[in-house]
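Coordinates in review
Listed here are the chains, written in short residue letters.
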There are 2 protein chains.
Amino acid sequence: MESTLAFLVAARRCEIHDLEQLARACELVQAVSALVHRLQDERGATNLHLASGGARFGAERAARASASEATELAVRAWLAQPAVGDPALAMAGGTRLFTRIALALHALDGLVALRAEIATRGCSAEAATRRFTHAIAALLALVFEAADIATDPAVSRLLVALFNLMQGKELAGQERAAGAAAFAAGAPGPAGEHALLHLIEAQEACFQRFAAFCPPDTLAAWSAAQAAMPLAELERLRRKLLAAGPGTAFVPALAETWFACCSQRLDRIRELEAALAGGLRAACAARIAALRRDPDDPQSLMQALSGLADTVALPGAALPATALEGTPTSAQADAPASAAGPLGPQLTRSIVDLLHAQSCRLQAIGDELAAVRATLDERKLVERAKGVLMRHQGLSEDEAHRLLRQTAMNQGRRLVEVAQAALAMEAFLPPHG
Amino acid sequence: MESTLAFLVAARRCEIHDLEQLARACELVQAVSALVHRLQDERGATNLHLASGGARFGAERAARASASEATELAVRAWLAQPAVGDPALAMAGGTRLFTRIALALHALDGLVALRAEIATRGCSAEAATRRFTHAIAALLALVFEAADIATDPAVSRLLVALFNLMQGKELAGQERAAGAAAFAAGAPGPAGEHALLHLIEAQEACFQRFAAFCPPDTLAAWSAAQAAMPLAELERLRRKLLAAGPGTAFVPALAETWFACCSQRLDRIRELEAALAGGLRAACAARIAALRRDPDDPQSLMQALSGLADTVALPGAALPATALEGTPTSAQADAPASAAGPLGPQLTRSIVDLLHAQSCRLQAIGDELAAVRATLDERKLVERAKGVLMRHQGLSEDEAHRLLRQTAMNQGRRLVEVAQAALAMEAFLPPHG
């Protein structure tokens, strides 16, 4: 009976340990979300600057690059903590998280050269956008991974909400960069209206998934934030961009208007995002606190048992503070004692209740996690299907996404089903293009 | 660049750490499989003994009880190792594994009282079977959990194969116990032919799943083992049991014949099971060794980089042996260096290759694990659906299983689909019976 209880205590400790590791991962996610916001700002200003041939936004761009660098340093300082890379302290899925961190750091390393090229205008607006977007995608993938490996359903839901909000905001940021380049250049960009339409529609889909997973108070804040956004102005400028034909000439000053309007929207989203990211650690702390004051905490029964042991001279009476060491060795002596029942039916009953409560709780956690992860699995499938189409048919990412979505609409099937079909088809596709 | 590499090294270490924890869990699974075999033996002998009114198999039963107790002590001694309950050393999913251990220990505790009742024949053969079966089910659930939380697809496949072999063998053991009781009592048991038919069919389904997941050499050994089993004799005795009507009287001596025949088969299965369980640790060791001599090991690139650092006076030159401590702090100095490229294109290229190889490998592992776990998820659904039917319709386990299977056959649907429907229906079912 003591061994049973000792392993219930160990299970509880392990659960708290996992939540503590998850709380650390959430700290990283919070720092990463701040960095993504800075990089989006820098990308937008860079676009405006480069597309205007260096005439506009020079100081603004430089200031934003410095802000990015400072925030990147904060992320790197967090990662430099000795405990971060310790396998014994790594959360479940540490291998995957560390790999994502390595990929993100590698992408960030590449920005140094990019900034040098931008400073001498040795880089096109499109190329700069692509490279910033690549780094941001690597950081977003890290947040996605954290959501996928989280062992607590409540925290996992928050991470899924945060990831979708960040992804939607990133698409809004790409829209800002594309529009800023088009207005500043005085003419529509090479990618044209299709790319812009894709960015607009895809961000709406992200915000819907965000709304499906975020807690009620965040949802209310989201409605309030949307009401405060300059959406009429944004739609008016979007219309200008979308209605532009090949011969259209924009008033270049619209670039700043567009940039300011989009930035105002992004800043509102960022406020919500920061609140959500900040809430992650609180959610972990709340879960840990709830476990610690749980009336079903096996530790308290362990103490009751220990107190009783002093009275009835139970075999293995001196239960050590660290519950596991030493208890199960007295198995043979222990078992007859529990069979003969000197602990009384009450304590025996309590252990049965604890075991039942713990089994039910873990079952519920498993079910909830599976439901949250199913959404993530669908996204993984769609991303991989896009990759297949990009590699084999030479499509761009948004072309691949449009093809999948169009096929799903035409066939009346879900996007994820079409993605599965595309993946299954890969074996039959020609190697490249 | 060093930080990137440092996190690739950390990811690799984390992967090896996970495999080491998995190897420990496999040790436990091995000990548990030995205990299950002993308990099955004890259950069969007990059944024969009790059903014969204590006339037969007294010494055999006592000897088998002692063998069980000795093997249980070995399991408890393994669990008593101080490192076992340490959350920092727990494998991913430690909470679930520890809970399963607590449940198994609790079930084992209950056997002490059972054996006391059996010794004084204060317990029916049916009740004894039920209580032994309960303890064995708790031990099997532990093996299932280990398969479900394993982070390596090759080891997870082996665990799934082992679990299904053990489950099939357990059903064969239940068949042995039911048949032994019927023959020894001289008349068919109360559960009748339906229960026996279910046990026979369900064990075949388990052995098919085992065959689908086991490695080729084990499959060959399985064919050889089957050829060496007294299957003709078994079928002849099964026919006697199944053809028996309410008035049938068995020759009680057939009990020993049946028990010997079934035991011979179970012992053959056990040999295979022991080989498979023993192979688990070898599989973990092989995976660890493969990772250590992997040409893509980031540690060797780290050393190359460190050697080069001495020559070119790279910032953060003195990379410590424990790669993570200290490296990422030099982020700002590091980044321009990597951008300017004093490491040469070769090392930069190598890191890109490492990142790509690692991403692809983790993707493949994730896909394989998902495929293996899908089988386990289906089993979880079927088990839960059975539970719903047992609770709400007052069915026994094999009645619930038969109902699910019959419904699936009638509707031409998969068992798992019917199970999902049953679970979805739970909300509409009356609370109890």
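The rules behind the values
Residues numbered from 1 in each chain as written. Chains lettered and ligands numbered in written order. Predicted model: local features only at pLDDT ≥ 70, side-chain atom pairs only at ≥ 80, totals over all residues. Helix = DSSP H or I, 4+ residues; strand = E, 2+ residues; numbered from the N terminus. Buried ≥ 20, exposed ≤ 12 C-beta atoms within 10 Å, placed from the backbone. Contact = placed C-beta atoms within 7 Å. Axes fitted to C-alpha atoms, helices over the stretch in contact; angles between N-to-C directions. Parallel < 35°, antiparallel > 145°, perpendicular 65-115°, else oblique. Left-handed = near helix turned anticlockwise from the far one by under 90°. Expected span 1.5 Å × (residues − 1). Domains from an automatic or database assignment. Nonpolar A, V, L, I, M, F, W, Y, C, P; charged D, E, K, R; others polar. Arc of directions from axis to C-beta. pLDDT = per-residue confidence, 0-100.

1. Examining the overall build of chain A
The helix and strand inventory of chain A stands at 14 helices and zero strands. Put simply, chain A runs from its N terminus to its C terminus through helices and strands in the order α-α-α-α-α-α-α-α-α-α-α-α-α-α. Each of the 433 residues in chain A was classed as buried or not, and the buried ones make up 47%. Look at the contacts in chain A between residues 6 or more apart in sequence, and 79% of them connect residues 24 or more apart.

2. What about the packing of helix α8 (residues 231-243) of chain B against helix α9 (residues 254-292) of chain B?
When two helices pack together, their arrangement is given by the angle between their axes and by how far apart the axes lie. All names here are of chain B. Viewed as axis vectors pointing N to C, α8 and α9 meet at an angle of 135°, and their least axial separation amounts to 10 Å. Judged by the angle between their axes, α8 and α9 are oblique. The chirality of how α8 crosses α9 is left-handed. Between α8, through E233, L234 and L237, and α9, the contact on the second element is made entirely by T257, W258, C261, C262 and R265.

3. Concerning helix α1 (residues 2-51) of chain B
Residue and element names in this part refer to chain B. The end-to-end C-alpha distance of α1, which contains 50 residues, comes to 72 Å, matching closely the 74 Å that a straight helix rising 1.5 Å per residue would cover. With respect to burial, α1 is a largely interior element, 43 of its 50 residues being buried. Immediately beyond the C-terminal end of α1, within one or two residues, lies G53, with a positive phi of roughly 65°.

4. Considering the domain arrangement of chain A
Residues and elements named next belong to chain A. One can read the domain layout of chain A as domain 1 (20-292) and domain 2 (298-428). Only α4 (125-149), α5 (153-185) and α6 (192-213) provide two or more residues apiece to the side of domain 1 that touches domain 2. Of all the elements, α5 adds the most residues to the side of domain 1 that touches domain 2, at four residues. The class makeup of the residues in the side of domain 1 that touches domain 2 is five nonpolar, two polar and two charged.

5. Points about the packing of helix α1 (residues 2-51) of chain A against helix α9 (residues 254-292) of chain A
Residue and element names in this part refer to chain A. One way to put it is that α1 packs onto α9 with a least axis distance of 9 Å and a crossing angle of 175°. The pairing of α1 with α9 is recorded here as roughly antiparallel in orientation. Grouping the amino acids of the contact of α1 with α9 by side-chain chemistry returns 16 nonpolar, seven polar and eight charged.

6. Quick word on helix α13 (residues 397-411) of chain B
Residue and element names in this part refer to chain B. Its 15 residues place the ends of α13 21 Å apart at the C-alpha level, agreeing with the 21 Å of an ideal helix rising 1.5 Å per residue. Here α13 has its buried residues at D398, A400, H401 and L404. The buried residues of α13 occupy an angular sector of 160° when projected down its axis, which confines them to one face. Seen from the open side of α13, the exposed residues pointing more than 90 degrees away from its buried face are Q406, M409 and N410.

7. A closer look at the confidence of the model for chain A
One rule of thumb: low pLDDT means the predicted coordinates there are not for detailed reading. Residues and elements named next belong to chain A. Residues with a pLDDT of 70 or more make up 87% of chain A, whose mean pLDDT is 85. In the model of chain A, helix α11 (residues 331-340) stands out as the element of lowest mean pLDDT, 37, in contrast to helix α2 (residues 58-79), which has the highest, 96. Predicted confidence for residues 309-341 stays below pLDDT 50, and this span has 59 contacts to residues more than four positions away or in other chains. With pTM at 0.85, the complex prediction returns an ipTM value of 0.83.

8. Looking at the environment of L199 of chain B
Along the polypeptide, L199 of chain B turns up in helix α6 (residues 192-213). The spatial distance from the C-alpha of L199 of chain B to the C-alpha of E256 of chain B is 20 Å, given a sequence separation of 57 residues.

9. So, unusual backbone geometry
All names here are of chain A. Positive phi values are uncommon outside glycine, yet F57 reaches one of about 65°. Within the fold, F57 resides in the loop between α1 and α2. Judged by the 24 C-beta atoms lying within 10 Å of it, F57 is buried. Phi is positive for R121, which is not a glycine, with a value near 50°. Relative to the elements of secondary structure, R121 occurs in the loop between α3 (94-119) and α4. According to the C-beta neighbour criterion, R121 is partly exposed, with 13 such atoms within 10 Å.

10. Section: the environment of F98 of chain A
Position of F98 of chain A among the secondary structure elements: in helix α3. Judged by the 28 C-beta atoms lying within 10 Å of it, F98 of chain A falls in the buried class. Separated by 115 residues in sequence, F98 of chain A and F213 of chain A place their C-alpha atoms 26 Å apart. Setting aside residues up to four positions removed in sequence, F98 of chain A forms contacts with F7, A10, A11 and C14 of chain B.

11. Re the environment of V416 of chain A
All names here are of chain A. Relative to the elements of secondary structure, V416 occurs in helix α14 (residues 415-425). When the 19 C-beta atoms within 10 Å are taken as the criterion, V416 is described as partly exposed. For the pair V416 and T99, spaced 317 residues apart in sequence, the C-alpha separation works out to 26 Å. In this structure V416 touches E378, L381 and V382, once residues within four positions along its chain are discounted.

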